[in-house]
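Here is how the chains run, residue by residue.
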Amino acid sequence: MPILETQPPPTHYPKHPPATTEPPETTTLLFSLLQPIQWLKMLSLRLNPTFVLGIFLVYGLSQGFAGSFFHIVSDYYWKDVQKVEPSAMQLYIGIYYIPWIMKPLWGLLTDVFPVMGYRRRPYFVFAGVLGVVAAMVVAVSGKVAVLVALVCMVGITGGVAIADVTIDACVARNSIDIRELAADMQSLCGVCSSIGALVGYSISGFFVHHLGPQGVEKVRGAMEGMYKTMQFPQVWKPTLYMYLSLALSISTHEGQFYWYTDPKAGPAFSQELIGMISAIGALASIVGVVIYHKFLKHYPFRNLLFFAQLLYTATGMLDLIFISRWNLTLGIPDSFFIIAEHSVSHIVSRVRWMPMIVLSTRLCPIGIEGTFFALLMCIDSLGTLSSKWGGGIILHLFSIRKNNFENLWMVVLIRNLLRFATLGLIFLVPNVDQLAVLVPADLLMERKEICEYDENLELVPLKGKSEVQLLVNEM
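Residues numbered from 1 in each chain as written. Predicted model: local features only at pLDDT ≥ 70, side-chain atom pairs only at ≥ 80, totals over all residues. Heavy atoms only, no water.

With respect to the side chain of Arg-415
And then number 1: Within the secondary structure, Arg-415 sits in helix H18 (residues 408–421).
And then number 2: A relative accessible area of 4% places Arg-415 in the buried class.
And then number 3: A distance of 3.0 Å separates the side chain of Arg-415 from the side chain of Asn-416, its partner in a polar contact.
And then number 4: In this structure Arg-415 touches Ser-249, Ile-250, Thr-252, Gln-256, Gly-316 and Asp-319, once residues within four positions along its chain are discounted. (Helix = DSSP H or I, 4+ residues; strand = E, 2+ residues; numbered from the N terminus. Buried < 20%, exposed > 50% of the residue type's maximum accessible area, 1.4 Å probe, protein only. Polar contact = N/O pair within 3.5 Å; in protein donor to acceptor, adjacent residues only side chain to side chain. Contact = heavy atoms within 4.5 Å.)

Some details on the environment of Leu-240
And then number 1: Tracing the backbone through its elements, the reader meets Leu-240 in helix H11 (residues 233–247).
And then number 2: Residues Leu-240 and Asp-380, spaced 140 residues apart in sequence, show a C-alpha to C-alpha distance of 9.5 Å.

A few points about helix H14 (residues 301–323)
And then number 1: With 23 residues, H14 ought to run about 33 Å at 1.5 Å a step, and its terminal C-alpha atoms sit 34 Å apart, in line with that.
And then number 2: Positive phi shows up at Arg-325, right after H14, with a value of about 65 degrees. (Expected span 1.5 Å × (residues − 1).)

Focus on the packing of aromatic side chains
And then number 1: Under the criterion given, the structure shown has eight aromatic pairs.
And then number 2: Centre to centre, the rings of Phe-322 and Phe-337 are 5.6 Å apart; their planes meet at 20 degrees, and the pair counts as stacked. Placement of the pair is Phe-322 in helix H14 and Phe-337 in helix H16 (residues 334–362), with a sequence separation of 15 residues. Judged on exposure class, the residue Phe-322 and its partner Phe-337 are both buried.
And then number 3: Stacked on the ring of Phe-322, the Lys or Arg Arg-325 has its end atom at 5.5 Å from the ring centre.
And then number 4: Note that Arg-352 overlies the ring of Tyr-312, its terminal NZ or CZ placed 4.1 Å from the centroid. (Phe/Tyr/Trp six-rings, centres within 6.5 Å; stacked < 30°, edge-to-face > 60°. Lys NZ or Arg CZ within 6 Å of the ring centre and 35° of its normal.)

Topic: the packing of helix H6 (residues 103–112) against helix H8 (residues 146–177)
Helix-helix packing is characterised by the crossing angle of the two axes and by the distance between the axes.
And then number 1: Contact geometry for H6 and H8: axes closest at 9 Å, N-to-C directions at 65 degrees. As H6 runs across H8, the sense of the crossing is right-handed. On H8, the residues touching Lys-103, Trp-106, Gly-107 and Thr-110 of H6 are Ala-161, Ile-162, Asp-164, Val-165 and Asp-168.
And then number 2: Within the contact of H6 with H8, the residues separate by chemical class into four nonpolar, two polar and three charged. (Axes fitted to C-alpha atoms, helices over the stretch in contact; angles between N-to-C directions. Left-handed = near helix turned anticlockwise from the far one by under 90°. Nonpolar A, V, L, I, M, F, W, Y, C, P; charged D, E, K, R; others polar.)

Topic: a nonpolar patch on the surface
And then number 1: On the surface, Val-125, Val-129, Val-133, Val-137 and Val-148 cluster together into a nonpolar patch covering about 370 Å² of accessible area.
And then number 2: Considering every element that reaches the nonpolar patch, the biggest residue donor is helix H7 (residues 121–141), with four residues.
And then number 3: Here Val-133 is to be found in helix H7. (Patch = residues over 30% accessible without salt bridge, like charges linked within 9 Å, V, L, I, M, F, W, Y side chains within 5 Å. Areas by Shrake-Rupley, 256 points an atom, 1.4 Å probe, with all protein chains shown as cover. Salt bridge = Lys/Arg side-chain N within 4 Å of Asp/Glu carboxyl O.)

Here we look at helix H4 (residues 86–95)
And then number 1: Along H4, the residues that are buried comprise Pro-86, Ser-87, Met-89, Gln-90, Ile-93 and Gly-94. Taken end-on, H4 shows its buried residues confined to a sector of 160 degrees, consistent with a single buried face. (Arc of directions from axis to C-beta.)

Overview of the nonpolar core
And then number 1: Counting residues in hydrophobic clusters, the biggest one holds 38 residues, and the most contacted among them are Tyr-241, Tyr-292, Leu-363, Cys-364, Phe-372 and Val-429.
And then number 2: Sorting the residues of this core by element identifies H8, helix H9 (182–199), helix H10 (216–230), H11, helix H13 (271–296), H14, H16 and helix H17 (369–397) as the ones contributing at least two each.
And then number 3: Ignoring sequence-local partners within four residues, the contact set of Tyr-241 consists of Leu-305, Gln-309, Met-356, Thr-422, Leu-425, Ile-426, Leu-428 and Val-429.
And then number 4: With 35 residues, the next largest nonpolar core counts Trp-78, Met-89, Leu-150 and Leu-395 among its residues. (Core = buried A, V, L, I, M, F, W, Y, C linked by side-chain atoms within 4.5 Å.)

The following block contains the structure:
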């Protein structure tokens, strides 16, 4: 048994503590302000500065825009320009998720088919051009045919989805190699996405990442590896839970949006208030990420997801209270109630989502981590698509129209009951802590192959190293 050794005590001590010219409150405040900077510095040193930059570009600029500004604009476009019914609008917005469902295809293309020696840069350029052109067609043309508008909207989301694939692969691989930083990486992604929702849209950056040989055999091997991995119960069970937890929580957002802006049946919120509510929701999402990162990232997956889903169900009842106008009975103004409801629901939603993403990184085998993580995100997007279309069908069955909201409360009640029913599926989630190994490192590759496959993730071409990487290596 090894003997525990301790360092010898110091031979001398300072006679007086070091003098300070700052009061304790100022020191504490300064430490709190510098803590995020120190955290980013730690991530840059442990991972790679260009990797952190890639997260800022993709999650902050690209996805942040798509998650806020585009969401609000498209809602008003279908309502005021195309003048479609809420059920049809719900179905159209569900189609936005088709590019996200195709993420395994984008992952395969970027993994095994480099263009002119580059694995990532051409796809990022294509994604940026696709998104900008599609957005300009809708913005300049005004009202076009519904099919043309829908194709353009899908083009915008397609550009975001393609740019997202590369950074997801990098996050998945780093989460495997440095498990103790998996929660920190997802926290950084969540913060960037939420802050990006406040600052708006900018063209996606590019992220280049060196991989091994590619070709038809590589594609077939990747497909076989995904099939082999998905056969493991510790993989398919949590994957099934993540899909069902998203699909069963049917979306009623578009029906509620029409009700929010209706001057007769609803509270008749202005466009400015709708935008402000969404901005406050984005800020609340940041709070949710902070809560997860500070207090919840060490809890077991099953316990954390159970209580998060329970809170998610409870916050859904706030929508029922608002639609039933009970807030006015309690003397709570509509604007105050909706801001409070959006804040709470966004915090809980983010706390519920973060462990799912960390769990997804735990399920990725080395060798095809980019493709497999894209597959998991594809399944999650299928869950969101099922939620959107399921909500559209329910809105239609209950005759929710742009001038008829009599049964909207019943639709919201059904949604909340389905959220509660999801708690019965929690047994599918592994009851392990968030640092546990769920997939063996040598599942698809031998130990020697893993060492040969290992590489740095950096924003440089396939050939050569950047000055930044050389500097990091010297450090």
